[in-house]
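# Tertiary structure, described
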Amino acid sequence: MIGMGTVINVVLLLAGGIIGLAGGRFFIPRLQDTLMKAAGVSVLFVGLSGALAGMLTAAPDGSIASTGSMMVFASLAFGSLIGEAINLDSKFEQFGEWLKRKTGSDGDNEFVNAFVTASLTACIGAMAIVGSIQDGLTGDWSTLAMKGALDALIVLVMTASMGKGCLFSAIPVAIFQGSITFLAQFIHPIMTEAALANLSLVGSILIFCVGVNLIWEKLFKPANMLPAVVIAAAIAFLPL
């Protein structure tokens, strides 16, 4: 069934969030802070491993060579400029504030931050795009099911430490992946191997930035950096 992958992903994410919410209320603030840092380290290394896998290659003589540095710089620089001009971060927060009011969570100071952080973690990455295209073209939902299991674990820990705002990351995940699944036949031709590799590399760097924000104070605005993944994919088609 076309679209089943996104349904499974959302259900698993919600299940992880509900378990985290149920367990988190029994943790004292010190343990919640520890869990948040644990989530931050996990997300940070997920992003770091993906970025290093995309940039480092083994030469025939056994040495390690780095590639893609200029592509990364150009994508992040121009993508961030576009994102700042549009101010995507503000729009995410505005939607989070709206959800906060509609769900009667006005007393939850972490709601918006939890929603934005969990949403970016679950939406950024090649698995969301590749899995949605596979689902849309062939009905193969296995990649999104695997992603859903990973999302469940990460959102479980995030919800236990940051609160129920993380649960509502299911909304952008459903919209984003559902849209790609619906448009899969149009997106598939432009998702060449090179474009997907660029997208995966830059997406992993953005996930790394999300992890940094979980551990330290908000140093980055990953939402404003999202256009970088589009530019990264577009660069693959330039005659370089």
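Remember, predicted model here, so these are calculated numbers, not experimental data.

### Digging into the overall build of the protein chain
Across its full length, the protein chain carries eleven helices and two strands. Helices and strands appear in the protein chain in the N-to-C order α-α-β-β-α-α-α-α-α-α-α-α-α. Since a compact globule built from 240 residues should have a radius of gyration of about 18 Å, the 18 Å found for the protein chain is in line with a globular shape. With respect to the principal axes defined by its C-alpha atoms, the protein chain has extents near 55 × 40 × 40 Å.

### As for the environment of G47
The residue G47 is located in helix α2 (residues 29-55) in this model. G47 sits in the buried class, given a relative accessible area of 0%. Residues G47 and G20, 27 residues apart in the sequence, show an inter-C-alpha distance of 22 Å.

### Things to note about a nonpolar patch on the surface
On the surface, F95, W98, I171 and I175 cluster together to form a nonpolar patch covering roughly 350 Å² of accessible area. Elements supplying a minimum of two residues to the nonpolar patch: α4 (88-102) and α8 (170-182). You can see I171 is positioned in helix α8.

### Let's talk about the side chain of K100
Within the element layout of this structure, K100 appears in helix α4. One buried charged side chain, K100, makes no salt bridge at all; its nearest oppositely charged neighbour is E97, positioned 4.5 Å away. Engagement of the side chain of K100 in a polar contact is seen with the backbone oxygen of D108, the distance being 3.3 Å. Setting aside residues up to four positions removed in sequence, K100 forms contacts with S105, D106, D108, N109, F111 and V112.

### Quick word on the side chain of D135
Secondary-structure assignment places D135 in helix α6 (residues 126-138). K147 provides the closest opposite charge to the buried, salt-bridge-free D135, at an N-O distance of 11 Å. A distance of 3.0 Å separates a polar side-chain atom of D135 from the backbone nitrogen of G5. Non-local contacts of D135, meaning those with residues more than four positions away in its chain, are made with M1, I2, G3, M4, G5, T6, D140, W141, L144 and T181.

### Observations regarding the packing of α6 against helix α10 (residues 193-215)
Packing of α6 against α10 leaves a shortest axis separation of 9 Å and a crossing angle of 140 degrees. On the side of α6, the interface is formed by A126, I129 and V130, while α10 contributes L196, L199 and S200. Across the contact of α6 with α10, the residue classes break down as five nonpolar, one polar and no charged.

### Examining the nonpolar core
Among the nonpolar cores identified, the biggest contains 52 residues, and L76, M158 and M191 are the most heavily contacted of them. A per-element tally of this core places α10 first, with ten residues.

### What to know about the packing of helix α5 (residues 111-123) against α8
At a minimum axis distance of 9 Å, the contact between α5 and α8 shows a crossing angle of 30 degrees. As summarised for this structure, α5 and α8 are arranged roughly parallel, according to the angle between their axes. Crossing geometry of α5 relative to α8 is assigned as right-handed. Of α8, the residues touching α5 (which contributes F115, S119, A122 and C123) are P172, V173, F176 and Q177. Residue composition of the contact of α5 with α8, by class: six nonpolar, two polar and no charged.

### Considerations on the environment of A128
Relative to the helices and strands, A128 is located in helix α6. By relative accessible area, A128 is classed as buried at 1%. The residues contacting A128, other than those within four sequence positions of it, are C123, L144, K147, F176 and Q177.

### Description of the packing of aromatic side chains
Following the criterion strictly, the structure yields three aromatic pairs and no others. On the numbers, 5.6 Å between centres and 65 degrees between planes, the contact of F95 with F115 is edge-to-face. Of this pair, F95 sits in helix α4 while F115 sits in helix α5, and the two are 20 residues apart along the sequence. According to the relative accessible area criterion, F115 is buried, its value standing at 0%. What links up through ring pairs into an aromatic cluster is the set F95, W98 and F115.

About the cut-offs
Residues numbered from 1 in each chain as written. Predicted model: local features only at pLDDT ≥ 70, side-chain atom pairs only at ≥ 80, totals over all residues. Heavy atoms only, no water. Helix = DSSP H or I, 4+ residues; strand = E, 2+ residues; numbered from the N terminus. Rg over C-alpha atoms; globule rule 2.2 N^0.38 Å. Buried < 20%, exposed > 50% of the residue type's maximum accessible area, 1.4 Å probe, protein only. Patch = residues over 30% accessible without salt bridge, like charges linked within 9 Å, V, L, I, M, F, W, Y side chains within 5 Å. Areas by Shrake-Rupley, 256 points an atom, 1.4 Å probe, with all protein chains shown as cover. Salt bridge = Lys/Arg side-chain N within 4 Å of Asp/Glu carboxyl O. Lys, Arg positive; Asp, Glu negative; His and termini not counted. Polar contact = N/O pair within 3.5 Å; in protein donor to acceptor, adjacent residues only side chain to side chain. Contact = heavy atoms within 4.5 Å. Axes fitted to C-alpha atoms, helices over the stretch in contact; angles between N-to-C directions. Nonpolar A, V, L, I, M, F, W, Y, C, P; charged D, E, K, R; others polar. Core = buried A, V, L, I, M, F, W, Y, C linked by side-chain atoms within 4.5 Å. Parallel < 35°, antiparallel > 145°, perpendicular 65-115°, else oblique. Left-handed = near helix turned anticlockwise from the far one by under 90°. Phe/Tyr/Trp six-rings, centres within 6.5 Å; stacked < 30°, edge-to-face > 60°.

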